[in-house]
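A closer look at the structure
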Amino acid sequence: MSAVYDCGKRDTRAEGLSAAAAAVRSSRLVVLPTDTVYGIGADAFDAGAVQALLRAKNRGPDMPVGVLVGSWSTVDGLVLGVPPQARALIEAFWPGDLSIVLPHAPSLQWNLGNARGTVMLRMPLHPVALELLRDVGPMAVSSANVSGRPPASTAAEAQEQLGDAVSVYLDGGSSGEPVASSIVDLTGDNPTVLREGAVTKDAIAEVIGVPAESLSTE
């Protein structure tokens, strides 16, 4: 049976965050608010929990799950190295709506899908998400919806789609108009914007000192 906690109230927020942390540590799934849309999350290092996340979304491993972190410094332990362009983007846009793809550290024991040795990282700008992440560590998080259906902008919308597959729902109110994060890939010879969302290609180009047109995948 799922539990829903109103994070707009101090007491239930604290209770909800405690319940969510316990769920993550017990290989269960949680739904949490972010600065984009609601996310469904699990312990990033728990392969069984990540598989449960994919099953709940009715999604296969061909679409790898991204990882949310609660601080800049967490990134250093997750990737092979943080190049200057990645550091510049982190300083400019985190916490916020930019996801960065980097080669992950080969020593890490995780299975996020067919990511080909890479990981997509983001630090969200939402107090509830950040508090949970700083408690439990990196989480594998995807949009809280069944594949093919609209992303959830409220906890109720997420629960309607995901039901009892999720143990804890943290209700942080409406996320507003769903806007995806932008995704920049720094794993190749040149930076590439895989998805232009809340952060524009021009803004990314300005920070890393390249022409905006060079960031295109075409």
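Notes on the structure follow. (Residues numbered from 1 in each chain as written. Predicted model: local features only at pLDDT ≥ 70, side-chain atom pairs only at ≥ 80, totals over all residues. Heavy atoms only, no water.)

**Thoughts on the packing of helix α1 (residues 10–25) against helix α4 (residues 127–136)**
Close contact between α1 and α4 brings their axes to 10 Å; oriented N to C, the two are set at 45°. Considering the angle they form, α1 stands oblique to α4. Here α1 and α4 pass one another in a crossing that is right-handed. In contact with R13, L17, A20, A21, V24 and R25 of α1, α4 contributes P127, V128, E131, L132, D135 and V136. Residues belonging to the contact of α1 with α4 are distributed by class as follows: eight nonpolar, no polar and four charged. (Axes fitted to C-alpha atoms, helices over the stretch in contact; angles between N-to-C directions. Helix = DSSP H or I, 4+ residues; strand = E, 2+ residues; numbered from the N terminus. Parallel < 35°, antiparallel > 145°, perpendicular 65-115°, else oblique. Left-handed = near helix turned anticlockwise from the far one by under 90°. Contact = heavy atoms within 4.5 Å. Nonpolar A, V, L, I, M, F, W, Y, C, P; charged D, E, K, R; others polar.)

**Description of the side chain of H104**
One can find H104 in the loop between β5 (98–103) and β6 (118–122). Those residues in contact with H104 that lie beyond four places of it in its chain are L78, V79, L80, W110, G117, T118 and V119.

**Structural notes on the sheet that holds strand β2 (residues 30–32)**
The strand order across the open sheet built from ten strands is β1-β8-β2-β3-β7-β4-β6-β5-β9-β10, with neighbouring strands paired in mixed fashion. For this open sheet the edge positions go to β1 (3–6) and β10 (192–195), each flanked by a neighbour on one side alone. Shown here is a sheet whose adjacent strand axes are inclined to one another by a mean of 30°, direction ignored. Pairing of β5 with β6 involves four bridges; the strand directions are antiparallel. Opposite V101, over in β6, you have M120 as the bridge partner. Each of β5 and β9 (182–185) touches helix α3 (residues 84–93); the most contacted strand, β5, lies at about 160° to it. (Pairing = 2+ DSSP bridges.)

**Here's the deal with the pattern of salt bridges**
Summed over all chains, the structure comprises six salt bridges. One salt bridge connects E131 with R13, and the closest N-O pair in it is separated by 3.1 Å. Of this pair, E131 sits in helix α4 while R13 is found in helix α1, placing the two residues 118 residues apart along the sequence. Given a relative accessible area of 42%, E131 falls into the partly exposed group. Of the charged contacts in the structure, one is a salt bridge between R122 and D35, with a shortest N-O distance of 2.9 Å. Residue R122 is located in strand β6, and its partner D35 is located in the loop between β2 and β3 (39–43); the two are separated by 87 residues in the primary sequence. Look at R122 and you get buried, because its relative accessible area is 6%. (Salt bridge = Lys/Arg side-chain N within 4 Å of Asp/Glu carboxyl O. Buried < 20%, exposed > 50% of the residue type's maximum accessible area, 1.4 Å probe, protein only.)

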